[in-house]
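What the coordinates show
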Amino acid sequence: MACLLETPIRMSVLSEVTASSRHYVDRLFDPDPQKVLQGVIDMKNAVIGNNKQKANLIVLGAVPRLLYLLQQETSTTELKTECAVVLGSLAMGTENNVKSLLDCHIIPALLQGLLSPDLKFIEACLRCLRTIFTSPVTPEELLYTDATVIPHLMALLSRSRYTQEYICQIFSHCCKGPDHQTILFNHGAVQNIAHLLTSLSYKVRMQALKCFSVLAFENPQVSMTLVNVLVDGELLPQIFVKMLQRDKPIEMQLTSAKCLTYMCRAGAIRTDDNCIVLKTLPCLVRMCSKERLLEERVEGAETLAYLIEPDVELQRIASITDHLIAMLADYFKYPSSVSAITDIKRLDHDLKHAHELRQAAFKLYASLGANDEDIRKKIIETENMMDRIVTGLSESSVKVRLAAVRCLHSLSRSVQQLRTSFQDHAVWKPLMKVLQNAPDEILVVASSMLCNLLLEFSPSKENMAFQAEQKIKADILRSLSTEQLFRLLSDSDLNVLMKTLGLLRNLLSTRPTLCILANIADGTTAKDLIMTNDDILQKIKYYMGHSHVKLQLAAMFCISNLIWNEEEGSQERQDKLRDMGIVDILHKLSQSPDSNLCDKAKTALQQYLA
């Protein structure tokens, strides 16, 4: 049975295995049951807080023997319970320890143990399961493999405050996504957990609260149900509001604010409800202040960003609450020079959270500036803001890069800022680098951002800012290699394709009627780029016949711009595209049931007839 550590670790650990460690394992095989029990108890005392001893015992094969004793019908309940306690202690060591336990199929053995009538043994099994399931190396799916497990755990919730605490903790860690939410919801999670919010035990209340936050996240069905649940004559939202008052522990305030945020975003609570405007939003702003721990500030900012993202009024309220915009600037100051000098531990802690802080600040700035021009102006005028974003675009962390691009994208909706701050900092240069080997998420936002940069905002060519824009567009075009364009056009993500075709459309168009499209100074450069690259032309042709109408329309725009008669070189472009079979496709599309597509195809065909 594969219950040992990885080979390199095993060799280093084996060299340190002591006779006393072997002695602990040998005693588990003693024919005298009383000596076996004492051996397990001694082992329990030996491994507490001793990771080296835990690793030694795992290498020496203690786990299979402990699991055997735990499942043996002849073992006393006391022995089974002590075995579960030792296994739980081993699981509290390193991630490699947990992997070794999983390799020995510990989860099915412990779940089987929950069928015992003995409460102490059940609690020991649950404690061990809690430790294993909260480890990042444990697949959540293992909780859902056997359909009888969830209903049995629901039934065990009433047994003791320990079963309540551990089961809620297991649920909150293993509820990842809508499928898990549905399973738990259908097995009565809301009804079974709601009354635990008034438990005398703080730990139980806290774990129950965490359960509700993961159940409600992006789930309208759960959220709509929670709004109407009564506990001791009080509605759940009222209980959550009480739990986010200033006198409650920070962890409780934050988690309650999350519950209310998720219910609001799922449509169960209105954005103008007092519990959001007067309670949840101010609580989350408080979490962003210097007084809070770094991890609390991260969680507060990210939750607030999510809460206000779709709502202009909440964005405006947040922007003027407790000087939030200025407060967020502090998120970029870690690790500080003070922490480097005074305390190595603090430096390590600051370094660990520095990426998360920057990511959270960028996310919240993006949400704050999503709609309001005045807020965007305030953000950009915050100390060194554009420099911070430009630095963020080249960070090693993908998450920080994505958050920086999103922040930039949000601010790029401002005509004024595109003309001033964005040109002053040449933000398109680092943006081009971001596009290279970027994950899909970043490609979507970055290409959309480039579209914003390439849009024409001034009707007057005499305007100096307009002329500067033309130069930037030409520079961007020269920097965006055909390989990058082709990679974007070959992407499987529909959003990436739509944004790229939009980008091409912006680069290609010189028609005044399409005032929303880009107008580059050198009008032929973009067209030459496309016409000399057969890969890109074939991609555009492919999307003209795509099943998704929006993609067809976007591809049609590109073709229309290439064949437009009034422009230099249109005849040669028309001939090449005819040879590729584009005219045949246009004839087919002119019969399309989609009126928009049909009209665009007929207009394009007229260019050939003119």
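In every chain, residue numbers begin from 1 and rise along the written sequence. Whole-chain, interface and lining totals are the exception, using all residues; otherwise, since this is a predicted model, local features are given only for residues with pLDDT of at least 70 and side-chain atom pairs are given and counted only at 80 or more. Side-chain numbers here rest on the full set of heavy atoms in the structure, without hydrogens or water.

By the naming in an unreviewed UniProt entry, the chain goes by Armadillo repeat-containing protein 8 and is assigned to Cebus imitator.

This part is about the overall build of the chain. Looking only at helices and strands, one finds 39 helices and 2 strands in the chain. Only protein chains enter the calculation, and the probe is 1.4 Å; a residue is then buried if its accessible area is under 20% of its type maximum, exposed if over 50%, and partly exposed in between. The buried share among the 610 residues of the chain stands at 55%. Only the protein chains shown count as cover for residues, with accessible areas throughout obtained via the Shrake-Rupley method and a probe of 1.4 Å. Accessible area of the chain: about 27,300 Å², with a carbon and sulfur share of 53%. Strands are runs of DSSP state E lasting at least two residues, helices are runs of H or I lasting at least four, and both sets are numbered from the N terminus onward.

The next thing to look at is the nonpolar core. Within the largest apolar cluster, 160 residues are counted, with the highest numbers of intra-cluster contacts made by Phe-212 and Leu-368. Residues Ile-530, Leu-537, Ile-582 and Leu-605 belong to the second largest nonpolar core, which totals 27 residues. What is meant by a nonpolar core is a set of buried Ala, Val, Leu, Ile, Met, Phe, Trp, Tyr and Cys residues, joined one to another through side-chain atoms within 4.5 Å.

When you line up the elements, Thr-280 lands in helix 18 (residues 274–286). Its relative accessible area of 0% is what places Thr-280 among the buried residues. Counting of polar contacts relies on pairs of N or O atoms within 3.5 Å, with two restrictions inside protein: one atom must be capable of donating a hydrogen and the other of accepting it, and residues adjacent in sequence are counted only when both atoms are side-chain atoms. Within the structure, the side chain of Thr-280 is placed 2.7 Å from the backbone oxygen of Cys-275, a separation counted as a polar contact. Non-local contacts of Thr-280, meaning those with residues more than four positions away in its chain, are made with Leu-244, Ala-257, Leu-260, Thr-261, Cys-275 and Leu-307. Working rule for contacts: check all heavy atoms of both residues, and any pair within 4.5 Å makes them a contact.

Using a probe with the size of a water molecule, rolled over the atoms, empty space left in the structure can be pinpointed. A 1.4 Å probe that fits into a set of points on a 1 Å grid over the protein atoms alone but cannot get out defines a cavity; an open set with protein on both sides within 12 Å along at least five of seven lines defines a pocket, and lining residues are those with an atom within 4 Å of a point. Grid points are joined across faces, edges and corners, and a volume is the space filled by probe spheres set on the points. Roughly 1,600 Å³ of volume is contained in the largest pocket. Lining the largest pocket are 50 residues, and of these Phe-217, Tyr-262, Glu-302, Tyr-306 and Lys-363 lie nearest its centre. Mapped onto the lining of the largest pocket, the elements with two or more residues apiece are helix 11 (161–174), helix 12 (178–186), helix 14 (202–216), helix 17 (250–265), helix 19 (294–308), helix 23 (344–368), helix 26 (398–411) and helix 30 (440–454). Asp, Glu, Lys and Arg are counted as charged, while Ala, Val, Leu, Ile, Met, Phe, Trp, Tyr, Cys and Pro are counted as nonpolar; the rest, among them Gly, fall into the polar class. The class makeup of the residues in the lining of the largest pocket is 17 nonpolar, 17 polar and 16 charged.

For Glu-218, which is not a glycine, the phi torsion comes out positive at approximately 50 degrees. Relative to the elements of secondary structure, Glu-218 occurs in the loop between helix 14 and helix 15 (220–227). According to the relative accessible area criterion, Glu-218 is exposed, its value standing at 53%. One non-glycine residue, Asp-322, lies in the positive phi region at around 50 degrees. Within the secondary structure layout, Asp-322 lies in the loop between helix 20 (312–319) and helix 21 (324–329). The class for Asp-322 is partly exposed, based on a relative accessible area of 44%.

Proximity of charged atoms lets side chains of opposite charge pair with each other. A pairing counts as a salt bridge when a side-chain nitrogen of Lys or Arg comes within 4 Å of a carboxyl oxygen of Asp or Glu. Inspection of every chain in the model, using the stated rule, returns 23 salt bridges. With a closest N to O distance of 3.8 Å, Glu-123 and Lys-120 form a salt bridge. Placement of the pair is Glu-123 and Lys-120 together in helix 9 (residues 119–133), with a separation of 3 residues, close to one helical turn. According to the relative accessible area criterion, Lys-120 is exposed, its value standing at 57%. Among the salt bridges present, the one from Arg-292 reaches Glu-296, with a minimum N-O distance of 3.0 Å. The partly exposed category is assigned to Arg-292, whose relative accessible area is 24%. Judged by its relative accessible area of 15%, Glu-296 is buried.

Attention now goes to the environment of Met-252. Considering the arrangement of structural elements, one finds Met-252 in helix 17. Exposure remark for Met-252: the relative accessible area of 2% places this residue in the buried category. Placed 45 residues apart in sequence, Met-252 and Gln-207 show a C-alpha to C-alpha distance of 9.7 Å. Not counting residues within four places of it along the chain, the set of residues in contact with Met-252 comprises Tyr-202, Arg-205, Met-206, Leu-209 and Met-243.

Criterion for a disulfide: a pair of cysteine sulfur atoms within 2.5 Å. Taken as a whole and judged by the stated rule, the model has 0 disulfides. A disulfide-free cysteine, Cys-283 has its sulfur positioned 9.8 Å from the sulfur of Cys-288, the nearest such atom. Note on Cys-283: relative accessible area 0%, which makes it buried.

Within the secondary structure layout, Met-556 lies in helix 36 (residues 549–563). A sequence separation of 15 residues divides Met-556 from Lys-541, and the C-alpha atoms of the two residues are 8.9 Å apart. With residues up to four places along the chain from it excluded, the contact list for Met-556 reads Met-544, Leu-586, Leu-589, Leu-597, Lys-600, Ala-601 and Ala-604.

With that settled, the discussion passes to the confidence of the model for the chain. Averaged over every residue, the pLDDT of the chain is 85; the share at 70 or more is 81%. Contacts from residues 456–468, a stretch scored under 50 in pLDDT, to residues over four places away or in other chains number 22 contacts. Note on scores: pLDDT gives the predictor's confidence for each residue, bounded by 0 and 100. Low pLDDT (under 50) marks residues 509–523, which in the prediction has 40 contacts with non-local residues, meaning those over four places away or in another chain.

The subject of this paragraph is the packing of aromatic side chains. Classification of ring pairs uses Phe, Tyr and Trp, with its six-membered ring standing for Trp, and accepts pairs whose centres are within 6.5 Å; under 30 degrees between planes counts as stacked, over 60 as edge-to-face, and the remaining range as tilted. One pass over the structure, following the stated rule, counts 7 aromatic pairs. An angle of 65 degrees between the planes, with centres 4.8 Å apart, marks the rings of Phe-217 and Tyr-262 as edge-to-face. Of this pair, Phe-217 sits in the loop between helix 14 and helix 15 while Tyr-262 sits in helix 17, and the two are 45 residues apart along the sequence. By relative accessible area, Tyr-262 is classed as buried at 12%. Taken together, the ring pairs connect Phe-217, Tyr-262 and Tyr-306 into an aromatic cluster. Here the guanidinium or amino end of Arg-265 rests over the ring plane of Tyr-306, the centre of that ring lying 4.2 Å away. The criterion is that NZ of a Lys, or CZ of an Arg, lies within 6 Å of the ring centre and within 35 degrees of the ring normal, and then a charge sits over that ring.

Glancing now at the environment of Glu-383. Take Glu-383: it is sitting in the loop between helix 24 (373–380) and helix 25 (385–392). Exposure remark for Glu-383: the relative accessible area of 41% places this residue in the partly exposed category. Separated by 57 residues in the primary sequence, Glu-383 and Ala-326 have C-alpha atoms spaced 8.4 Å apart. Contacts of Glu-383, omitting those with residues within four sequence positions, involve Ala-329, Lys-333 and Arg-388. Among the polar contacts listed, one links the side chain of Glu-383 to the side chain of Lys-333, at a separation of 3.4 Å.

So, about the side chain of Thr-255. Positionally, Thr-255 belongs in helix 17. The residues contacting Thr-255, other than those within four sequence positions of it, are Met-206, Leu-209, Lys-210 and Ser-213.

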